[in-house]
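# Coordinate inspection notes
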Amino acid sequence: MLQASKLIPQGQGLARTMVQRAAHLELDWDVRQKSRFDTVASDERHVGVFLPRGTVVRGGDVLVTQDGSLLRVVAAPQPVLRITACPDHPAHEQAFDLMRAAYHLGNRHVPIELQPDHLKIEPDHVLADMLRAMHLTVVEVREPFEPEAGAYGAHHAAAPGHADHGHAHGPSHAHAHAHAHGPDHKHAHD
């Protein structure tokens, strides 16, 4: 069995053509959130993945095997609930409805994928009923699932397409972010 124990988040630093030519592992969320698992690559090689405990594998990540070969990770389509706002509401109310749904789901510690126009969660009829009662549209579909890593998740676990500063923010958060304030605006540390 081939072993893979190194992960390159989103294939950073690798030539795109190398990654595209690599065999791939199509894995659902249940498997990708484990740090140790066995699977079969697209080229039919059996692979044992042994990553540091707590490592989450995301679609687009690349695993490196003990023989130096690359394995591209693909998030497999799986049953998920796609949650959208009622199309009869104005756009600002639709955004608020989705934000409210995300709050209630997060309050229940449900893994959730956030998109600009919809949310995704794993199938759960109780949560689906709650969301429908909030006048949201809930449909079961088969799609890849990339839930948010959470505020304390590993830095490489940002979902694809989301900004990743590439560094951790400590309690002092000393570097500046570009935003404007009026002339009388004061921070607690000013």
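Above this text sits the structure in question.
Residues numbered from 1 in each chain as written. Predicted model: local features only at pLDDT ≥ 70, side-chain atom pairs only at ≥ 80, totals over all residues. Heavy atoms only, no water.

Right, let's talk about the overall build of the protein for a bit. Helix and strand content of the protein: 4 helices and 10 strands. Its helices and strands in sequence order give the protein the pattern β-α-β-α-β-β-β-β-β-α-β-β-α-β, from N to C terminus. For the protein, the proportion of contacts with a sequence separation of at least 24, taken over those separated by at least 6, is 63%. Accessible surface computed for the protein: about 11700 Å², of which carbon and sulfur atoms make up 54%. (Helix = DSSP H or I, 4+ residues; strand = E, 2+ residues; numbered from the N terminus. Contact = heavy atoms within 4.5 Å. Areas by Shrake-Rupley, 256 points an atom, 1.4 Å probe, with all protein chains shown as cover.)

All right, on to the sheet that holds strand β1 (residues 2-8) then. Taken in spatial order, the 6 strands line up as β2-β6-β5-β1-β4-β3 in an open sheet, and their pairing is mixed. Among the strands making up the open sheet, the edge pair consists of β2 (23-27) and β3 (36-40). Ignoring which end each strand starts from, the neighbouring axes of this sheet average 35° apart. Relative to strand β6 (residues 70-75), β2 is paired through 5 bridges, and the arrangement is parallel. Within the sheet, the bridge partner assigned to L27 lies in β6 and is A75. (Pairing = 2+ DSSP bridges. Axes fitted to C-alpha atoms, helices over the stretch in contact; angles between N-to-C directions.)

Moving on to the nonpolar core. Ranked by internal contacts, the top residues of the largest apolar core, which has 17 residues, are I83, L105, L119, I121, L131 and L136. Within the residue set of this core, elements represented by two or more residues are β7 (78-85), α3 (91-107), β9 (119-121), α4 (125-133) and β10 (136-143). Residues contacting L136, with those up to four places away along its chain left out, are I83, T84, A85, D97, L98, A101 and L131. With 14 residues, the next largest nonpolar core counts A4, A41, V49 and L63 among its residues. (Core = buried A, V, L, I, M, F, W, Y, C linked by side-chain atoms within 4.5 Å. Buried < 20%, exposed > 50% of the residue type's maximum accessible area, 1.4 Å probe, protein only.)

Checked against the element boundaries, R36 lands in strand β3. With 31 residues separating them in the primary sequence, R36 and S5 have C-alpha atoms 9.2 Å apart. Excluding its chain neighbours within four sequence positions, the residues that come into contact with R36 are V49, F50, L51, P52 and R53.

Further remarks concern the pattern of salt bridges. Inspection of the entire model under this criterion finds 9 salt bridges. The salt bridge partner of R32 is E146, with a shortest N-O separation of 3.1 Å. Here the residue R32 occupies a position in helix α2 (residues 29-32), and E146 occupies one in the segment after β10, the gap between them amounting to 114 residues. An identical accessibility class is assigned to R32 and E146; each is buried. Here R132 makes a salt bridge to D129, at a shortest N to O gap of 3.9 Å. Highlighted residues: R132 and D129, both in helix α4, separated by 3 residues, approximately one helical turn. With a relative accessible area of 42%, R132 lands in the partly exposed category. (Salt bridge = Lys/Arg side-chain N within 4 Å of Asp/Glu carboxyl O.)

Our next topic: α3. When the terminal C-alpha atoms of α3 are compared, their 24 Å separation across 17 residues agrees well with the 24 Å that a helix rising 1.5 Å per residue should span. Taken together, the buried positions of α3 are D97, L98, A101 and L105. All buried residues of α3 project into a common sector of 95° when viewed along the axis, lining one side. For α3, the exposed residues lying more than 90 degrees away from the buried face are H92, M99, Y103 and N107. Close packing links the buried residues of α3 with β7, β9, α4 and β10. Looking one or two residues beyond α3, the residue adopting positive phi is H109, at roughly 55°. (Expected span 1.5 Å × (residues − 1). Arc of directions from axis to C-beta.)

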